[in-house]
Amino acid sequence: MKKWITMFATIFSLALIHWLISYGFEWSFFDSIIPFGFIALLIIFLFTNKSGAIGRQIDLQIQRSTLIKVENSKRVNEVSFVMVGSVVYFVMALLVSFYVYKDYFIN
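Residues numbered from 1 in each chain as written. Predicted model: local features only at pLDDT ≥ 70, side-chain atom pairs only at ≥ 80, totals over all residues. Heavy atoms only, no water.

**A look at the nonpolar core**
Where we set the bar: Throughout, nonpolar core names a set of buried Ala, Val, Leu, Ile, Met, Phe, Trp, Tyr and Cys residues whose side chains join them through atoms within 4.5 Å. Under the scheme applied here, a residue whose accessible area is under 20% of the maximum for its type counts as buried, over 50% as exposed, and between as partly exposed, the area being computed with a 1.4 Å probe on protein chains only. What makes two residues a contact is simply this: any of their non-hydrogen atoms within 4.5 Å.
Judged by nonpolar contacts, Met7, Ile11, Leu14, Ile33, Phe36, Ala40, Leu41, Ile44, Met83, Tyr89, Phe90 and Ala93 together constitute the single largest core of 12 residues. Contacts of Ile11, omitting those with residues within four sequence positions, involve Gly85, Val88, Tyr89 and Met92.

**Quick look at helix H2 (residues 33–48)**
Since the α-helix packs 3.6 residues into each turn, any two residues three or four apart lie on the same face. Using the following cut-off: Secondary structure elements follow DSSP: runs of H or I of four or more residues count as helices, runs of E of two or more count as strands, with numbering from the N terminus. Each helix should span, by expectation, one fewer than its residue count multiplied by 1.5 Å. The directions from the helix axis to the C-beta atoms are what the arc is built from.
Helix length check: H2, at 16 residues, gives a terminal C-alpha distance of 22 Å against a target of 22 Å (1.5 Å per residue), a fit within 8%. Every buried residue of H2 is listed here: Ile33, Phe36, Gly37, Ala40, Leu41 and Ile44. Burial along H2 is one-sided: seen end-on, the buried residues are contained in an arc of 135°.

**Some thoughts on the packing of helix H1 (residues 2–24) against helix H4 (residues 81–100)**
Axes are the key here: two packed helices are described by the angle between their axes and the distance separating the axes. To be explicit about the condition: Axis geometry follows a simple rule: fit a line to the C-alpha atoms, using only the stretch in contact for helices, then measure angles between N-to-C directions, giving values from 0 to 180 degrees. Reported orientations rely on four angle classes, namely roughly parallel under 35 degrees, roughly antiparallel over 145, roughly perpendicular from 65 to 115, and oblique for the rest. Helix crossings are classified by the rotation of the near helix relative to the far one: an anticlockwise turn of less than a right angle makes the crossing left-handed, while a clockwise turn makes it right-handed. For this classification, the nonpolar set comprises Ala, Val, Leu, Ile, Met, Phe, Trp, Tyr, Cys and Pro, the charged set comprises Asp, Glu, Lys and Arg, and every other residue, Gly included, is treated as polar.
For the pair H1 and H4, the least separation of the axes is 8 Å and the interaxial angle reads 50°. Between H1 and H4, the crossing angle belongs to the class labelled oblique. For H1 against H4, the interelement crossing comes out right-handed. Judged by residue contacts, Lys3, Thr6, Met7, Thr10, Ile11, Leu14, Ala15 and His18 of H1 engage Phe81, Val82, Val84, Gly85, Ser86, Val88, Tyr89 and Met92 from H4. When its residues are assigned to classes, the contact of H1 with H4 shows 10 nonpolar, five polar and one charged.

**Quick notes on the environment of Ala15**
The topology assignment puts Ala15 in helix H1. Along the primary structure Ala15 and Phe29 are separated by 14 residues, whereas in three dimensions their C-alpha atoms are 9.7 Å apart.

**What to know about unusual backbone geometry**
The backbone of Glu26 shows a phi angle near 55°, a positive value even though the residue is not glycine. With respect to the helices and strands, the residue Glu26 is situated in the loop between H1 and H2. You can call Glu26 exposed: its relative accessible area is 74%.

**Notes on the packing of aromatic side chains**
Applicable threshold: Here is the rule: rings of Phe, Tyr and Trp (six-membered ring for Trp) pair when centre to centre is within 6.5 Å. Planes less than 30 degrees apart are stacked, more than 60 are edge-to-face, and the remainder are tilted.
On inspection of all chains with the given rule, the structure shows six aromatic pairs. Their ring planes at 85° and their centres at 6.3 Å tell us that Phe36 and Tyr89 sit as a pair that is edge-to-face. A residue pair is termed long-range when its members are at least 10 positions apart, and Phe36 in helix H2 and Tyr89 in helix H4 qualify at 53 residues. Looking at Phe36, the relative accessible area reads 16%, which means it is buried. The exposure class assigned to Tyr89 is buried, which follows from its relative accessible area of 5%. Between Phe38 and Phe90, the aromatic rings sit 6.2 Å apart at their centres with planes inclined by 55°, giving tilted as the arrangement.

From the geometry alone we can't say anything about function, so treat these as descriptive.
Here you go:
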């Protein structure tokens, strides 16, 4: 249940942040939904992927500050529901954009 709440909270947070940014810069919400969804997806991927460069950099910083050397092991990626929520938001953005601009795509 907690995982589903995390996923829906991510979707709601992304929509709220996108609305605030588009309102602040006076952009159309639907015109900027795909670029925002893609950028949000990329940023969330970089920070939730534990086997990526940012995850390894954080591990190195912790090892430097504690002076404890930890042997690097191969990590198994697990599903992050924040990442799943951002993927769902991006797919919803694609579907909403297609629906709003369906006349442009069909005609």
